[in-house]
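Below, each chain spelled out in residue letters.
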Amino acid sequence: MADGMHLYIHLSELSSNSAMAGGSGSKSKEQSEGGSAKNIQRAAKSLVSYSVVSGTANKLISNKISRVSLQTGATEYEQRLQTTYSITKQVVDTGVSLGIGIATGTWPLVLAGVLVSGVGKAIDIAEKRNMLRTEKNLEDISISMQRIRAGTTGSRGGNQ
C-alpha cells in the first residue's frame, strides 16, 4: 500500500517546447498551457509587487490621516478623510482582485466574492446609520432636558 502521493507542478516546465509535433499552424496543448502558466506567473509577480507597494502606501497614508485631529483639532474632518480613504482603498483593491481574476481565469469567483463583500458593506453602512440616528436622538433628548432644568423652554410665564 502506498504511503501517499505527491503532485508537483513546475510552471517553468510548462512553458518549454513540447517534444511532440503539433498540427500545421496550431498550438500544441502544452504550448497553450505554457501561455496560461506565464500569465499566472506574471499575475503572481504583479500581486507580490502590488502588495508591497500597497502596504507601504497604506501605512503612510493612514499615519498622515490619523494625525489630522492632533495637528488641527478637526476630528470630524479626520473621520471624513478616513472614510473616504477606506472606500477608495476598497474600490482599488476590488479592481485589482477583478484584474487578477480576469488574468487567471477565476473572475466569476472573484465577482461572487465582490458581491458578497458589497452586501456585507451595505449592512455595515445601514447599521452605522442607525447607530448615528440613535445617538442623535439621545443627544436631542439630553439637550431638551438641560433646557428644562435651566428654565429656558418658556415654562415660566411672561410676567416673571
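Residue indices follow the written sequence of each chain, beginning from 1 at its first position. Given that the model is predicted, a residue must reach a pLDDT of at least 70 before its local features are reported, and side-chain atom pairs must reach 80 or more before they are shown or counted; all residues, however, enter totals for whole chains, interfaces and linings. Working from all heavy atoms in the structure, the side-chain values ignore hydrogens and water.

Further remarks concern the overall build of the protein chain. What the protein chain contains, in helices and strands, is five helices and zero strands. Here a helix means four or more residues in a row that DSSP labels H or I, a strand means two or more in a row labelled E, and each is numbered from the N terminus. If you list the helices and strands of the protein chain from N to C, you get α-α-α-α-α. The buried label goes to any residue with under 20% of its type's maximum accessible area, the exposed label to any with over 50%, and the partly exposed label to all in between, with areas taken from a 1.4 Å probe on protein chains only. Burial statistics for the protein chain: of 160 residues in total, 7% are counted as buried. Note on definitions: a residue-residue contact is assigned when non-hydrogen atoms from the two residues lie within 4.5 Å. Within the protein chain, contacts between residues at least 6 apart in sequence are counted, and of these 36% link residues at least 24 apart. Using a 1.4 Å probe, the Shrake-Rupley method yields the accessible areas, and only the shown protein chains count as cover for residues. Taken as a whole, the protein chain presents about 13,200 Å² of accessible surface, with 60% of it coming from carbon and sulfur.

Take a nonpolar patch on the surface next. On the surface, I102, W107, L111 and L115 cluster together into a nonpolar patch covering about 440 Å² of accessible area. Looking at the nonpolar patch element by element, the count peaks at three residues for helix α5 (residues 107-150). Assignment of secondary structure puts L111 in helix α5. Here, patches come from residues exposed beyond 30% relative accessible area and free of salt bridges, joined within 9 Å for like charges and within 5 Å for nonpolar side chains (Val, Leu, Ile, Met, Phe, Trp, Tyr). A side-chain nitrogen of Lys or Arg and a carboxyl oxygen of Asp or Glu constitute a salt bridge if their distance falls within 4 Å.

Lining residues are defined by having an atom within 4 Å of a point belonging to a cavity or pocket. Those points lie on a 1 Å grid over the protein atoms alone, cavities being sets where a 1.4 Å probe fits but cannot get out and pockets being open sets with protein on both sides within 12 Å along at least five of seven lines. Grid points are joined across faces, edges and corners, and a volume is the space filled by probe spheres set on the points. Roughly 410 Å³ of internal volume is contained in the largest pocket. Lining of the largest pocket is provided by E76, Q79, R80, T83, S86, I87, K121, D124, I125, K128, R129 and L132. Partitioned by chemical class, the residues of the lining of the largest pocket number three nonpolar, three polar and six charged. Lining of the second largest pocket is provided by Q90, V91, T94, G113, V114, S117, G118 and K121. Ranked by residues supplied to the lining of the second largest pocket, first place goes to α5 with five residues. Throughout this entry, Asp, Glu, Lys and Arg are counted as charged residues, while Ala, Val, Leu, Ile, Met, Phe, Trp, Tyr, Cys and Pro are counted as nonpolar. The remaining residues, Gly among them, count as polar. Among the residues forming the lining of the second largest pocket, the class breakdown is two nonpolar, five polar and one charged.

In this section: α5. Under the convention used throughout, the expected extent of a helix is 1.5 Å for every residue step, that is, one less than its residue count. The end-to-end C-alpha separation of α5 is 63 Å, in line with the 64 Å expected for 44 residues at 1.5 Å each. After α5 finishes, the residue G151 shows a positive phi value of roughly 80°.

Attention now goes to the packing of helix α4 (residues 75-104) against α5. Only C-alpha atoms enter the line fits that serve as axes; for helices the fit covers just the stretch in contact. Angles between N-to-C directions range over 0 to 180 degrees. It is at 8 Å that the axes of α4 and α5 come closest, and there the two elements cross at 160°. With respect to α5, the axis of α4 lies roughly antiparallel. From α4, Q90, T94, S97, L98, G101 and I102 reach across to α5, where they touch W107, V110, L111, V114 and K121. When describing relative orientation, an angle under 35 degrees is termed roughly parallel and one over 145 degrees roughly antiparallel, while 65 to 115 degrees is termed roughly perpendicular and anything else oblique.

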